[in-house]
Amino acid sequence: MKIEAITLREIRMPLVHFFETSFGRVHSRRILLLTVHTEGVNGWGESVAAEDPFYSSEWIDSAWSTIRQHLAPALVGRSILQARDSADLMSRVRGHRMAKAGIENALWDAEARQKALPLWKLLGGTRREIECGVSIGIQDSVEQLLEKVEAELAAGYRRIKVKVKPGWDVNVLERIRSRWPDIVLSCDANSAYRLDGMEHLRKFDQFNLLMIEQPLWCDDIYYHARLQHELRTAICLDESIRHARDAAAAVETGACRIVNVKVGRVGGFGEAKKVHDVCQAQNIPVWCGGMLESGVGRAHNIALSTLENFRLPGDVSASKRYWREDVVEPEVEVSPAGMISIRDEAGTGYRIREHLIRKLCVREETVRAGMK
Ligand code: OSB
Ligand code: MG
């Protein structure tokens, strides 16, 4: 596969409803899309770096300049046998996994199209449909949150996850549980607690949660192990898992019983598969996280979720929960049974609406061989 050029585009997409986590509220997304041009076939990827460096140290402008100045120049003009080999060519750059994933995943898309294979098969998936959950942000009132939970349950979603932070946690979980005693429920703290809040976190045990996601520091494994030994509720790590070695360490130390896999957070499909494999070997279920992706990244999350050990519903939900109009067609749809069925066309099975992308685009740059 000869990599002839890489195009970076920033598109702006307003969210249908704001999304709030323990680190802040977002109303509109700035999304970095990558196109790799390889011998007549284009592959598309999305870098999930956000508007601000709050979820992770990466953000869209760091991803843009890292790709523009370092990652793309390391790749253009080179030939690789398969998409996963691109990781070696980018390994001189430390970190910047979301930037790397945007490119590597575009190459996987191109490779699948060149081989006329569905991406999910190229990745080694087995599932023909995947289970969907939703992640519901912090709202202006508990009543507003309860309305959202009700609507998502009515739409068929199989697991409800709510964002929590000090002051919006036990009170909220209590209200949800008293109304819906039996639903599959989890919560995500995005690192909002500290170990001295142990007695407070113990109260979460009464709600029969599927898991509590990332309660402590974003870069920690050790103290999560201490906490997990004290809690009945399973801890799921998100931010703390940067690669397969982190997953192995977290499982070995008992820091979590479930792992959230985000392909952007770990640097691309190659590493995401390794995280999956490490967890599978230790009988630790994984599920696919989300980063408010456009259809491009969403289609990639769907393909990844077909791997065997994605045994719990993901944060992979319908386009219309996020966007008035998505950049792929068909849009991502979820059945009344809360499932997405897997498409069989070559690549992701979702066509890119290039015309719409051009309309939403606010900056564009192409890196070609020989350019500085
Ligand atoms: O922690 O999983 C998270 C969104 C942005 C940043 C971090 C997270 C999230 C979500 C949303 O929970 C998942 C989604 O619906 O895409
Ligand atoms: Mg999370």
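Below you will find a few notes about this structure. Owing to the predicted nature of the structure, the values given are computational and were not obtained by experimental measurement. (Residues numbered from 1 in each chain as written. Chains lettered and ligands numbered in written order. Predicted model: local features only at pLDDT ≥ 70, side-chain atom pairs only at ≥ 80, totals over all residues. Heavy atoms only, no water.)

## Some remarks on the coordination of the magnesium ion (ligand 2)
Protein coordination of the magnesium ion (ligand 2) is provided by Asp-188 (OD), Glu-213 (OE) and Asp-238 (OD), with donor distances spanning 2.1 to 2.3 Å. Read N to C, the donor residues that coordinate the magnesium ion (ligand 2) are spaced as D-x24-E-x24-D. Here Glu-213 is found in strand β8 (residues 212-213), whereas its partner Asp-238 is found in the loop between β9 (235-237) and α9 (244-253), with 25 residues between them in sequence. Its relative accessible area of 0% is what places Asp-238 among the buried residues. (Donors = N, O, S within 2.8 Å, 3.2 Å for Na, K, Ca; no water. Helix = DSSP H or I, 4+ residues; strand = E, 2+ residues; numbered from the N terminus. Buried < 20%, exposed > 50% of the residue type's maximum accessible area, 1.4 Å probe, protein only.)

## Topic: the nonpolar core
The biggest cluster of nonpolar side chains holds 124 residues, and the ones touching the most others in it are Ile-103, Ile-176 and Phe-204. Residue contributions to this core peak at eight residues, all from helix α3 (residues 97-114). When neighbours within four sequence positions are excluded, Ile-103 is seen to be in contact with Ile-6, Leu-34, Val-36, Ile-67, Leu-71, Ala-72, Leu-75 and Met-90. Within the second largest apolar cluster, six residues are counted, among which are Cys-236, Ile-258, Trp-287 and Leu-312. (Core = buried A, V, L, I, M, F, W, Y, C linked by side-chain atoms within 4.5 Å. Contact = heavy atoms within 4.5 Å.)

## A short note on helix α8 (residues 222-230)
Of the positions making up α8, those classed as buried are His-224, Ala-225, Leu-227 and Gln-228. End-on view of α8: buried residues confined to an arc of 165°, all on one side of the axis. Exposed side of α8, more than 90 degrees from the buried face: Tyr-222 and His-229 are the residues found there. Buried residues along α8 sit against α7 (198-202), β9 and α9. (Arc of directions from axis to C-beta.)

## Observations regarding empty space enclosed by the protein
Under the defined criterion, the tally for this structure stands at three cavities of 30 Å³ or more. Volume-wise, the largest cavity comes out at about 60 Å³. In terms of lining, the largest cavity is formed by Glu-46, Ser-47, Val-48, Ala-101, Gly-102, Asn-105, Val-263, Gly-264, Glu-293, Gly-297, His-300 and Asn-301. Listing elements by their share of the lining of the largest cavity, those giving two or more residues are β3 (41-47), α3 and α11 (295-304). The calculated volume of the second largest cavity comes to roughly 60 Å³. Lining the second largest cavity are Leu-119, Trp-120, Ala-299, Ile-302, Ala-303, Ile-342, Arg-343, Gly-347, Thr-348 and Tyr-350. When residues of the lining of the second largest cavity are traced back to their parent elements, those giving at least two are α4 (119-123) and α11. (1 Å grid on protein atoms, 1.4 Å probe; cavity = no way out; pocket = protein on both sides within 12 Å on 5 of 7 lines; lining within 4 Å. Points joined across faces, edges and corners; volume = space filled by probe spheres on them.)

## A look at the sheet that holds β8
Judged by pairing direction, the sheet is parallel, and its seven strands sit side by side in the order β5-β6-β7-β8-β9-β10-β11 without closing on themselves. Both outer strands of the open sheet, β5 (134-136) and β11 (286-288), are each paired with one neighbouring strand and no more. The sheet contact formed by strand β10 (residues 258-261) and β11 spans three bridges and is parallel. Bridge assignment links Val-259 to a residue of β11, and that residue is Val-286. Against the sheet, helix α5 (residues 142-155) makes contact with β5 and β6 (160-163), and its axis sits at roughly 170° relative to β5, the strand it touches most. Contacting β10 and β11, helix α10 (residues 269-281) crosses the sheet at an angle of about 170° to β10. (Pairing = 2+ DSSP bridges. Axes fitted to C-alpha atoms, helices over the stretch in contact; angles between N-to-C directions.)

## Some words on the sheet that holds strand β2 (residues 24-38)
Within the open sheet, the four strands sit side by side as β3-β2-β1-β15. Their pairing is antiparallel. Pairing within the sheet leaves two strands with one partner each, and these edge strands are β3 and β15 (361-368). Strand after strand, the sheet turns through a mean of 25° between neighbouring axes, direction not considered. Strand direction decides the pairing type here: strand β1 (residues 5-21) and β2, joined by 13 bridges, are antiparallel. Within β2, the position partnered with Glu-10 by the bridge is Leu-32.

## As for the environment of Gly-264
As for its placement among the helices and strands, Gly-264 is situated in the loop between β10 and α10. The spatial distance from the C-alpha of Gly-264 to the C-alpha of Lys-100 is 8.0 Å, given a sequence separation of 164 residues. Leaving out residues up to four positions away in the same chain, Gly-264 has contacts with Val-48, Arg-97, Met-98 and Ala-101.

## Remarks on the pattern of salt bridges
Pairing is possible between side chains of opposite charge, provided their charged atoms come close. Per the stated rule, a full pass over the model turns up 32 salt bridges. Between Arg-242 and Asp-246 there is a salt bridge, with its nearest N and O atoms 2.7 Å apart. Overall, Arg-242 belongs to the partly exposed group, its relative accessible area being 40%. Residue Arg-353 is joined to Glu-325 by a salt bridge in which the shortest nitrogen-to-oxygen separation is 3.2 Å. You can see Arg-353 sitting in the loop between β14 (351-352) and α12 (354-360) and its partner Glu-325 sitting in the loop between α11 and β12 (328-329), a full 28 residues away along the chain. (Salt bridge = Lys/Arg side-chain N within 4 Å of Asp/Glu carboxyl O.)

## Re the side chain of Ser-135
Secondary-structure assignment places Ser-135 in strand β5. Its relative accessible area of 11% is what places Ser-135 among the buried residues. Excluding residues within four positions of it along the chain, Ser-135 makes contact with Phe-19, Arg-159, Lys-161, Lys-163, Asp-315 and Arg-321.

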